[in-house]
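If you want the building blocks of each chain, they are given just below.
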Amino acid sequence: MRAKTKYIFVTGGVVSSLGKGIISSSIGKLLQARGYKITIQKFDPYINIDPGTLNPYEHGECYVTQDGMETDLDLGHYERFTGIRTTRNNSVTTGRIYRSVIDKERRGDYLGKTIQVVPHITDEIKRRIKANAEGEHYDFVITEIGGTIGDIESAPFMEAIRQMRWEMGRDAVNIHLTYVPYLNAAGEFKTKPTQHSVKELQSVGIQPDILILRTEHHLERSVLNKVASFCNVDADCVVQSEDLPSIYDVPINMYKQELDLSILRKLGVDIAPAPDLDQWYRFLQLQKEADKEVHIGLVGKYDLQDAYKSIRESLLLAAVYNGRKATLHFVNSETIDEKNIAEQLKGLSGIVICPGFGERGTEGKIIAASCARTHNLPAFGICLGMQMMVIEFARNVLGFADAHSAEMNPKTKHNVVDIMEEQKQITNMGGTMRLGAYECDLHEGSRVRAIYGKAHIAERHRHRYEFNSRFKDKYETAGMKCVGTNPDTDLVEIVEIPELRWYIGTQFHPEYASTVLHPHPLFVDFIKAAISCD
Ligand code: GLN
């Protein structure tokens, strides 16, 4: 008989941005290394249905699952750490919960009852927490709750967890992540915020089973013991997560403190299979040895680490597998002009032209594409980046001075990037783009086919506009080849200029598919080409 699914809840206290996503991913990784089947999901207490309409300044990158859900960037960590593929069930917001409850109410499903936060909203949260394990068997479902304990909006989630823990007994645990600041003036670590955070959790009926203390410096055992005794937690269930050189060191740090064994014990699993972390250790070793730098420019408009999170991680991982350390330089496309571009790209061995929406910064991306093309600098255009490569080629090689995307200039005659047919009728902005994985045939003799080592791929999309096939012949004749096409619609998904060192644009987002143990081949090859230039 299969063991019952066990539930692990990860909550956060004191401050936000402690890295709950990294901790949840690390726990997933460790349990997976012991042979268990796991999934990780994120429950976010905001009212948007999904983060798809959020500005990256608000919420960082929008990550897209294979089945086309726009989600929180933590799902990217889950996939990169564990290699599992998440779905729309792995990302749930308050907005989605309320929407389904209200839809049920309108249908009359509640048979005349008054609809309330408790039990209707909390029941819907519980139903969704269990949804992944209904379709498929999982040994462990890890649920990360966004926000910080004490937030008004997370209260229904806390109540749902409280109930589940009560109903499930030893089949559910709560892991609480807090922060232990170091006060320079006093020369001391302060555990009071952690004590308060735990008190807050206890006040909603949740006793944490395990505490993880985020800290910038190593904590002595005595500090952990003090927290344990003040918070009613076993001493060996208080672990620390100190700043480390790489986020990928975190699972090992947790492993050394036997976090996974404590979780298993709390869940009533006394004998666990030995973990297999060989490949992970091998990756960390490669990462440690890769000290020679390769400098890559990220040409985009968001000067914010999280805005291009998956691209950044994909580049860093690809560099490790090339024996290098990627140093990423943000090149603000809004400040680029013809005169300063050479200076802005100086010292870089390759550039990524980033995805995006709207006009701001697009002319700079076009100038960067032109500079890379004419100087044979490796360039990787992703989604809007690919569209900018296409526009640049039309303006400067095909001679269409007014070439543009219909997104920026709906009136141009040379709409080399145009709105997709199916997008024309759409008026709602949320969740209506071409989203998720679509198939693509890679043409014989192309570089991309050699890079992937196969003829058919499926990659994730997030866009409304596309390469306008009306101009395809002109491009091909002039040297920009359409080398990847959708088998059903013939949409152009990849362009490349074969005679250049590395000049490839993809309409899809390969960065979503890169994982620690399986870096994406396009990124690996791009970095390889960049290295050959420096
Ligand atoms: N704005 C472009 C489109 O909608 C590109 C989107 C993107 O880069 N993700 O087609």
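Bear in mind that the values here come from a model prediction, so they are computed numbers and not experimental data.

Student: A description of the site of the ligand should follow, citing residues and the corresponding values.
Tutor: All residues in the neighbourhood of the ligand are listed as P355, G356, F357, C383, L384, Q387, E407, R462, H463, R464, Y465 and H509. Note that an oxygen atom of the ligand is positioned 2.9 Å from one of the backbone N or O atoms of G356. At a separation of 2.9 Å, a nitrogen atom of the ligand approaches a polar backbone atom of R462. Surface burial for the ligand is 99%, taken as the share of its 300 Å² of free accessible area covered by protein chains. Those elements that provide at least two residues to the shell around the ligand are α15 (384-396) and β18 (456-463). Classifying every residue of the shell around the ligand by side-chain character gives five nonpolar, four polar and three charged.

Student: Pulling in residues and values, what's your account of the nonpolar core?
Tutor: Core analysis: the largest hydrophobic core is formed by 56 residues, its most contacted members being I8, I27 and I263. Considering each element in turn, this core owes the most residues, six residues, to helix α1 (residues 20-33). When residues no more than four places from it in sequence are discounted, the contact partners of I27 are I8, V10, I142, I175, L259 and I263. I366, A368, Y465 and M480 belong to the second largest nonpolar core, which has 42 residues in total.

Student: Quick rundown of the environment of R395? Include the residues and the values.
Tutor: Looking at the element boundaries, R395 is found in helix α15. Considered as a pair, R395 and V416 are 21 residues apart in the sequence and their alpha carbons are 9.9 Å apart. Not counting residues within four places of it along the chain, the set of residues in contact with R395 comprises E363, I366, F400, A401, A403 and H404.

Criteria and cut-off values
Residues numbered from 1 in each chain as written. Predicted model: local features only at pLDDT ≥ 70, side-chain atom pairs only at ≥ 80, totals over all residues. Heavy atoms only, no water. Near = heavy atom within 4 Å. Polar contact = N/O pair within 3.5 Å; in protein donor to acceptor, adjacent residues only side chain to side chain. Areas by Shrake-Rupley, 256 points an atom, 1.4 Å probe, with all protein chains shown as cover. Helix = DSSP H or I, 4+ residues; strand = E, 2+ residues; numbered from the N terminus. Nonpolar A, V, L, I, M, F, W, Y, C, P; charged D, E, K, R; others polar. Core = buried A, V, L, I, M, F, W, Y, C linked by side-chain atoms within 4.5 Å. Buried < 20%, exposed > 50% of the residue type's maximum accessible area, 1.4 Å probe, protein only. Contact = heavy atoms within 4.5 Å.

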